[in-house]
Amino acid sequence: TSTDSEKPLYDQIEEITDGPDLIEIFGGSGSGKSVFSTQILNSAINDKGLDALFIDAERNVGDMGDISGSDYVYLPEWHDLYDYITGNSVDSSAFGENTTNSNVLEPGYDMIVFDSIGFPALVQYADYRVSDNADQFKVFLELQHITGKLKQYSQRSECMVIVTNQPKSDLSGETDPKPFGDKSIFGMKEV
């Protein structure tokens, strides 16, 4: 309705999801996931005055718009992302950029955008597959663990956490697209 469109975007998403939660924005490459997530982040900062963090795994920020006003972490390596989110200190040299002054995900954020969980997980999955087929299942377990940690963070901090994700490869043979690491959807609300 026209009343809804006058509300800040952050408030609209919060209404749709029934409060701060772990939210997955899922879609194909170029579908607008990152841009939409950035718009929600900007609304959280500018309309609501919330403390925000942008976790970047793909270095697409320049193509998405302004994220000024938020803390920023660039970690493209799967193991570093896993450690950062699950509370294991990441070596400072692993960060492409880090404005948080911390090597672990600290409590206190009201809004987090993680763009994107699927690509670094897929790269690690491919790496395991090439090197040792037995380890590839580990990526899915780690993905579930990250999802659980982000869900806990969201609930404990009343923080809206948005994770973007891509569909599985077309090579999977599925006709109904599902996000990479599709079991993680059980912990996330989808937009």
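**Considerations on the nonpolar core**
Considering soluble globular proteins, one finds that nonpolar side chains tend to be buried as a cluster. Grouped together as the largest cluster of nonpolar side chains are 28 residues, with contacts concentrated most on Y84, I112, F114 and L150. Listed by contribution, the elements that provide at least two residues to this core are β2 (52-56), α5 (78-86), β5 (111-115), α6 (118-131), α7 (136-157) and β6 (160-165). In this structure, I112 is in contact with L53, I55, L105, Y153, C159, M160, V161 and I162, ignoring residues within four places of it in sequence. Judged by nonpolar contacts, the second largest core, of 18 residues, contains Y10, A44, V61 and I67.

**Remarks on unusual backbone geometry**
Cis rather than trans, the peptide bond between D115 and S116 has omega equal to 5°. Positionally, S116 belongs in the loop between β5 and α6. Positive phi is not limited to glycine here, since D18 has a value of about 65°. Classification of D18 by relative accessible area gives exposed; the value is 69%.

**Quick word on the packing of aromatic side chains**
Per the stated rule, a full pass over the model turns up two aromatic pairs. When the centroid spacing of 6.2 Å and the interplanar angle of 15° are considered together, the rings of F54 and Y72 count as stacked. With F54 in strand β2 and Y72 in strand β3 (residues 71-74), this pair connects stretches of sequence that are 18 residues apart. You can call Y72 buried: its relative accessible area is 8%. Pairing Y84 with F95 gives two aromatic rings, centres 6.0 Å apart and planes at 80°, and the pair type is edge-to-face. Remark: F95 occurs in the loop between α5 and β4 (97-98) and Y84 occurs in helix α5; sequence separation between them is 11 residues. On the basis of relative accessible area, Y84 is assigned to the buried category, the value being 1%.

**Points about the side chain of T164**
With respect to the helices and strands, T164 occurs in strand β6. Take T164: its relative accessible area is 0%, and that puts it in the buried class. Within the structure, the side chain of T164 is placed 2.5 Å from the side chain of D115, a separation counted as a polar contact. Dropping the residues within four chain positions of it, T164 is found in contact with I25, K33, S37, F114, D115, S116, I117 and G118.

**Thoughts on the environment of M160**
Inspection of the secondary structure assignment puts M160 in strand β6. Excluding residues within four positions of it along the chain, M160 makes contact with Y10, I13, E14, P20, D21, I23, I40, D110, M111 and I112.

**What to know about the pairing of β3**
Examined bridge by bridge, β2 and β3 share four bridges and lie parallel to one another. By the bridge assignment for β3, D56 is matched with Y74. Bridging between β3 and β4 involves two bridges; their strand directions are antiparallel. Paired with V73 across the bridge in β4 is N98.

**Here's the deal with the environment of Y153**
Secondary-structure assignment places Y153 in helix α7. According to the relative accessible area criterion, Y153 is buried, its value standing at 10%. Separated by 44 residues in sequence, Y153 and Y109 place their C-alpha atoms 9.2 Å apart. Residue contacts for Y153: discarding those within four places in its chain leaves L105, E106, P107, G108, Y109, I112, E158, C159 and V161.

Scoring rules and cut-offs
- Residues numbered from 1 in each chain as written.
- Predicted model: local features only at pLDDT ≥ 70, side-chain atom pairs only at ≥ 80, totals over all residues.
- Heavy atoms only, no water.
- Core = buried A, V, L, I, M, F, W, Y, C linked by side-chain atoms within 4.5 Å.
- Buried < 20%, exposed > 50% of the residue type's maximum accessible area, 1.4 Å probe, protein only.
- Helix = DSSP H or I, 4+ residues; strand = E, 2+ residues; numbered from the N terminus.
- Contact = heavy atoms within 4.5 Å.
- Phe/Tyr/Trp six-rings, centres within 6.5 Å; stacked < 30°, edge-to-face > 60°.
- Polar contact = N/O pair within 3.5 Å; in protein donor to acceptor, adjacent residues only side chain to side chain.
- Pairing = 2+ DSSP bridges.

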